[in-house]
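Examining the three-dimensional arrangement
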Amino acid sequence: MMRILAALAALGPFAAAGPAAVATPVAAELVRNATAAQDLTGWSAAAAAGPVAVQRVTGLTGGPAAATGVRLSRGGASGAWAYALVALRTPAAFTVGQTYRMSVWLRDTAGPGRTFGLLLASGEYRHRPTETAEYAAPADSRWHLVTRTFVATAAGAADTALYLSLPTAGPFDVQVTGASVQSVSAPAPARVRTGPSRVLGFSGPAIDPKVWGYDLGGGGWGNGERQTYTSSPANARLDGAGHLAITAVRTAQGFTSARLTTHGKVTVAAGSYVEAAITAPVGASVWPAFWLLGADIDTVGWPACGELDAFEGTGSRPTLVQSAVHMAVAGSPRTDRQYGWGEAGGTTDVGLPLDARSHVFGVYFDAQTVRFYVDRRPTMSLWAADALASGRTWPFGGPQFLLLNVAVAGGVDNSATRFPRTMTVGPISIWAGGVPF
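Just so you know, these numbers come straight off a predicted model, no measurement behind them.

Points about the overall build of the protein
Regarding its fold elements, the protein presents two helices and 30 strands. Whereas a compact globule of 437 residues would reach a radius of gyration of roughly 22 Å, the protein reaches 23 Å, a difference of no more than 12%. Principal-axis analysis of the C-alpha atoms places the extent of the protein at approximately 75 × 50 × 40 Å. Counting all 437 residues of the protein, 54% fall into the buried class. Within the protein, contacts between residues separated by at least 24 positions form 77% of all contacts whose residues are at least 6 apart in sequence. About 16,800 Å² of surface is accessible on the protein, with carbon and sulfur atoms providing 53% of the total. The positive charge centre, built from 32 side chains, and the negative charge centre, built from 27, are 1 Å apart in the protein.

What follows is the structure, given as structure tokens:
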């Protein structure tokens with residue numbers, strides 16, 4: 001919410017990384033010929049613009065432990081797609097709900113400028129046990145570890161393979177080795193059996209100033225937003241039935257709304273789960289949100305403080321729930337490198353418009369993992385070691401504060417949207433130590 005999310009392919013610098021201790025393997029390696037130790041069995045490549053050369057290479061140094069690997073190269077042709085596949089031993093063996101890690105060591109011998117992706121699919125981009133993918137744009141010609149942990153959502157099929165997305169335009173020359181897919185025991189939220197440690201309610205005659213403050217003003221808020229935030233009861237009030245109502249209003253001068261924050265008043269500690277039941281407004285340009293920012297934002301700035309978007313609605317797509325995580329590029333605290341709406345689980349379709357009934361939006365965060373929930377069902381899960389290996393920071397081992405707002409997106413025709421538009425928020429519950437389900 002702090003910035004409009006970049007497209008999935010808009011990638012920041014990708015730093016060299018060592019092995020990521022994201023999880024402990026609990027099963028045998030699924031990749032059949034991970035380093036091409038003896039031959040090229042199980043390795044193949046194709047492209048829309050013509051063949052991709054696949055060659056075994058030896059004497060590798062400078063990064064991975066393996067001395068052998070595979071060189072993938074192509075001349076100057078361009079086309080719609082290009083990929084390499086690494087065969088799996090038992091491609092249909094993925095168990096729904098089980099956590100896995102995929103990884104590969106990669107060296108772009110031509111240096112920076114090209115993007116590579118790691119995922120699981122057949123050559124026809126089908127039979128995917130997960131929608132999770134990790135895209136990397138190496139910043140130099142050294143070895144880099146590309147890795148991502150995921151929860152399987154399908155079983156896979158006989159032609160499911162480790163899929164390396166290759167550059168579609170122009171020449172490339174890349175070396176890869178250490179291809180891996182393993183079942184892992186990954187950090188996960190603990191279960192708590194008690195009631196919430198704190199509830200931020202909305203009873204009484206007025207919004208509690210000991211809990212909530214207001215962000216005020218206009219100016220676009222970094223996103224080209226059209227509204228001006230106020231503290232007027234016309235934009236934020238209690239409805240007398242235990243709810244907070246935040247309303248975006250169209251006026252002769254433009255739009256007004258409210259953005260409430262617990263900054264400097266209430267924080268949520270790392271290792272906590274926080275949730276709220278929200279009935280969200282819909283309509284073109286209507287942008288409701290429930291989110292968290294790092295409590296150290298005044299010291300380190302954004303995105304170094306971290307941002308967790310537990311819920312964002314895009315009113316022109318009224319049935320979609322969006323979640324995202326913002327963090328900084330390592331060594332560049334003002335550069336955002338997010339996991340966004342295009343990530344696996346980052347977008348959830350709840351079937352009916354978000355103003356038809358309330359939904360419970362929640363997020364758990366700690367120094368190792370972030371997990372989002374819609375109606376207490378897990379959606380997007382992320383792990384710190386993956387973020388660090390990809391050149392991101394991981395600021396979620398510290399406290400966060402809460403924000404609630406309804407923005408009006410710029411650059412969107414909302415002439416057919418009827419205002420006012422109201423987001424209704426029930427009590428916000430916080431569980432310290434884990435999730436209560």
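Quick notes on the sheet that holds strand 8 (residues 134–136)
Across the sheet, which stays open at both edges, the five strands sit in the order 2-5-10-7-8 with antiparallel pairing between neighbours. Of all the strands in the sheet, the pair left with one neighbour each is strand 2 (43–47) and strand 8. On average, each strand axis in the sheet is inclined to that of its neighbour by 20 degrees, with strand direction left out of account.

Digging into the layout of surface pockets
Of the volumes computed, that of the largest pocket is approximately 320 Å³. What lines the largest pocket is a set of 17 residues, among which Val-151, Thr-153, Pro-378, Thr-379 and Ser-381 lie closest to the centre. The set of elements that each furnish at least two residues to the lining of the largest pocket consists of strand 9 (144–151) and strand 28 (377–383). With five residues, the top contributor of residues to the lining of the largest pocket is strand 28.

Side note on the pattern of salt bridges
Here the idea is simple: oppositely charged side chains can pair when their charged atoms come close. The tally for this structure, following the rule as stated, stands at 11 salt bridges. Across the salt bridge formed by Asp-108 and Arg-114, the nearest N and O atoms sit 3.0 Å from each other. Given a relative accessible area of 0%, Asp-108 falls into the buried group. In this structure, Asp-375 engages Arg-357 in a salt bridge whose closest nitrogen and oxygen atoms are separated by 3.7 Å. A residue pair is termed long-range when its members are at least 10 positions apart, and Asp-375 in the loop between strand 27 (369–374) and strand 28 and Arg-357 in the loop between strand 25 (347–349) and strand 26 (359–365) qualify at 18 residues. Taking the relative accessible area as the measure of exposure, Asp-375 reaches 22% and is therefore partly exposed. Residue classification places Arg-357 among the partly exposed residues on the basis of a relative accessible area of 45%. Each of the salt bridges in this network shares a partner with another, and the network as a whole consists of Glu-134, Arg-148, Glu-343 and Arg-392.

Quick word on the UniProt feature "domain: GH16" (unreviewed entry) in the protein
Look at the UniProt record and you will see "domain: GH16" (unreviewed entry) annotated at residues 181–436. With 4% helix and 45% strand, residues 181–436 has end C-alpha atoms that lie 31 Å from one another.

Side note on the environment of Val-104
Along the chain, Val-104 turns up in strand 6 (residues 99–108). Each C-alpha atom, one on Val-104 and one on Ile-428, is 41 Å from the other, the two residues being 324 residues apart in sequence. In this structure Val-104 touches Leu-118, His-144, Leu-145, Val-146, Val-176, Thr-177, Gly-178 and Ala-179, once residues within four positions along its chain are discounted.

A word on the packing of aromatic side chains
By the definition in use, this model includes 14 aromatic pairs. Between Phe-255 and Phe-419 the ring centres are 5.0 Å apart and the planes differ by 55 degrees, which places this aromatic pair in the tilted class. Within this pair, whereas Phe-255 is found in strand 17 (residues 254–257), its partner Phe-419 is found in the loop between strand 29 (400–408) and strand 30 (421–432), the two being separated by 164 residues in sequence. Through successive ring pairs, a cluster of aromatic residues spans Trp-81, Tyr-83, Tyr-125 and Tyr-163. Directly above the aromatic system of Tyr-339 lies the positively charged group of Arg-392, at a separation of 3.7 Å from the ring centroid.

Some remarks on the environment of Val-412
Mapped onto the secondary structure, Val-412 falls in the loop between strand 29 and strand 30. Spatially, the C-alpha atoms of Val-412 and Arg-226 are 9.9 Å apart, while their sequence positions differ by 186 residues. Aside from chain neighbours lying at most four places away, what touches Val-412 is Arg-226, Ala-284 and Ser-285.

Here we look at the pairing of strand 27
Two faces, one strand: in a regular strand the side chains alternate between the faces of the sheet. Taking burial as the measure, the six residues of strand 27 include six buried ones, the bulk of the element. Of the two faces of strand 27, the one lined by Thr-369, Arg-371 and Tyr-373 and the one lined by Val-370, Phe-372 and Val-374 are each fully buried. In the sheet, strand 26 pairs with strand 27 via five bridges, with the strands oriented antiparallel. Following the sheet pairing, Val-363 is matched in strand 27 by Phe-372. Two successive antiparallel strands, strand 26 and strand 27, enclose a turn made up of three residues. Of the strand pairs in this sheet, strand 27 and strand 28 are connected by five bridges, and their pairing is antiparallel. Along strand 28, the bridge assignment pairs Arg-371 with Ser-381. Hairpin connection between strand 27 and strand 28: a loop of two residues separates the two successive antiparallel strands, and Asp-375 in this loop has a positive phi of roughly 50 degrees.

Thresholds applied
Sequence order sets the numbering: in each chain, residues are counted from 1 along the sequence as written. pLDDT decides what is reported in this predicted model: residues at 70 or higher carry local features, side-chain atom pairs at 80 or more are listed and counted, and totals for whole chains, interfaces and linings draw on all residues regardless. Neither water nor hydrogens contribute to the side-chain values; these are computed over all heavy atoms in the structure. Note on conventions: DSSP H or I runs of at least 4 residues are helices, E runs of at least 2 residues are strands, and numbering of each starts at the N terminus. C-alpha atoms define the radius of gyration in this analysis, and the globule rule sets the expected value at 2.2 Å times the number of residues to the power 0.38. Using a 1.4 Å probe on the protein chains alone, a residue whose accessible area is under 20% of its type maximum counts as buried, one over 50% counts as exposed, and one in between counts as partly exposed. By the convention used here, residues are in contact when the closest approach between their heavy atoms is within 4.5 Å. Every accessible area reported is derived by Shrake-Rupley at a probe size of 1.4 Å, with residue values counting cover from the shown protein chains alone. This count recognises Lys and Arg as positive and Asp and Glu as negative, with His and chain-terminal groups excluded. Note that the charge is assigned to NZ on lysines, CZ on arginines, CG on aspartates and CD on glutamates. We call two strands paired when DSSP finds no fewer than two bridges between them. A fitted line through C-alpha atoms serves as each axis, taken over the contacting stretch for helices, and the angle formed by two N-to-C directions is quoted from 0 to 180°. Think of a 1 Å grid over the protein atoms and nothing else: a 1.4 Å probe that fits but is trapped marks a cavity, an open set flanked by protein within 12 Å on at least five of seven lines marks a pocket, and residues with an atom within 4 Å of a point count as lining. Grid points are joined across faces, edges and corners, and a volume is the space filled by probe spheres set on the points. Here, a salt bridge means any side-chain nitrogen of Lys or Arg that lies within 4 Å of a carboxyl oxygen of Asp or Glu. UniProt positions are given in the numbering used here, feature names are shortened, and annotations may be inferred rather than shown by experiment. The criterion for an aromatic pair is that two Phe, Tyr or Trp rings (for Trp, the six-membered ring) have centres within 6.5 Å, with stacked assigned to planes under 30 degrees apart, edge-to-face to planes over 60 apart and tilted to the rest. Placement of a charge over a ring requires the Lys NZ or Arg CZ to be within 6 Å of the ring centre, with the centre-to-atom vector within 35 degrees of the ring normal.

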